[in-house]
Amino acid sequence: MILLSGVYQPGNEDADGIVVTQNALTAGRGEWTMYVLTLAILLFSFSSIMYNYYLGETALRELIPSKIATHILRWAVIAIVLVGAIAPGATAVFFFSDPLMGLLALANLTAILMLLPTALGVVKDYTEQLKSGVDKPVFDPAKFPGLNLDATAWEDAAVNTDAAPARRRRK
């Protein structure tokens with residue numbers, strides 16, 4: 001979009017990325033698109049901050065279950081957002097945060113790969129139930145003793161009690 005609009009001039013290294021994007025969109029579609037892009041950036045940045053804060057607070061509560069630590073994190077996030085919004089040269093933060101987000105993605109991918117055998121086992125159990133004629137497959141924690149699962153976590157889990165819901169078979 002930027003290259004096709006003609007707004008970008010090679011050699012002009014002073015142009016800020018978002019300003020060039022806004023100018024390109026405005027040149028191609030009109031002045032109103034500047035406000036749409038501004039709103040989109042606002043929503044994207046807000047949701048990104050909230051998501052990363054959620055990840056941080058969840059990890060902190062797991063590592064340090066303390067209300068004081070949670071309050072310190074909250075104030076630190078507010079301070080970081082304020083500094084990032086008003087500090088000159090705050091765009092350098094993005095050069096620091098991008099590699100960190102890449103490391104977070106690698107950590108998540110590692111966890112997903114470690115959970116893959118378990119997930120495949122659960123999916124296999126589900127498909128076997130469907131093939132055997134079960135109308136509504138039910139997760140049975142007893143089939144996965146190595147996972148140390150709490151059977152009461154699933155309301156409709158097949159538990160070896162009289163209160164367990166009966167499985168319905170296809171006719």
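Residues numbered from 1 in each chain as written. Predicted model: local features only at pLDDT ≥ 70, side-chain atom pairs only at ≥ 80, totals over all residues. Heavy atoms only, no water.

Moving on to the confidence of the model for the protein chain. Caution applies to low-pLDDT parts of the model: their predicted coordinates are not meant to be read in detail. Mean pLDDT for the protein chain: 82, with 85% of residues reaching 70 or above. Low confidence marks residues 160-171, where pLDDT is under 50. Its contacts with residues over four positions away, or in another chain, come to 21 contacts. (pLDDT = per-residue confidence, 0-100. Contact = heavy atoms within 4.5 Å.)

This next bit is on helix 3 (residues 32-63). Its 32 residues give helix 3 an end-to-end C-alpha distance of 47 Å, which sits within 8% of 46 Å, the value for a rise of 1.5 Å per residue. Within helix 3 the residues assigned to the buried category are Thr33, Leu37, Tyr53, Glu57 and Leu60. Where helix 3 is buried, its residues touch helix 2 (17-29) and helix 4 (67-86). (Helix = DSSP H or I, 4+ residues; strand = E, 2+ residues; numbered from the N terminus. Expected span 1.5 Å × (residues − 1). Buried < 20%, exposed > 50% of the residue type's maximum accessible area, 1.4 Å probe, protein only.)

End to end, helix 2 covers 18 Å across 13 residues, agreeing with the expected 18 Å (1.5 Å per residue, within 8%). Where helix 2 is buried, its residues meet helix 1 (2-5) and helix 3. Positive phi shows up at Gly30, right after helix 2, with a value of about 115°.

The next point concerns the packing of aromatic side chains. All chains considered together, the criterion is met by 1 aromatic pair. Between Phe139 and Phe144 the ring centres are 5.6 Å apart and the planes differ by 10°, which places this aromatic pair in the stacked class. According to the relative accessible area criterion, Phe144 is buried, its value standing at 13%. (Phe/Tyr/Trp six-rings, centres within 6.5 Å; stacked < 30°, edge-to-face > 60°.)

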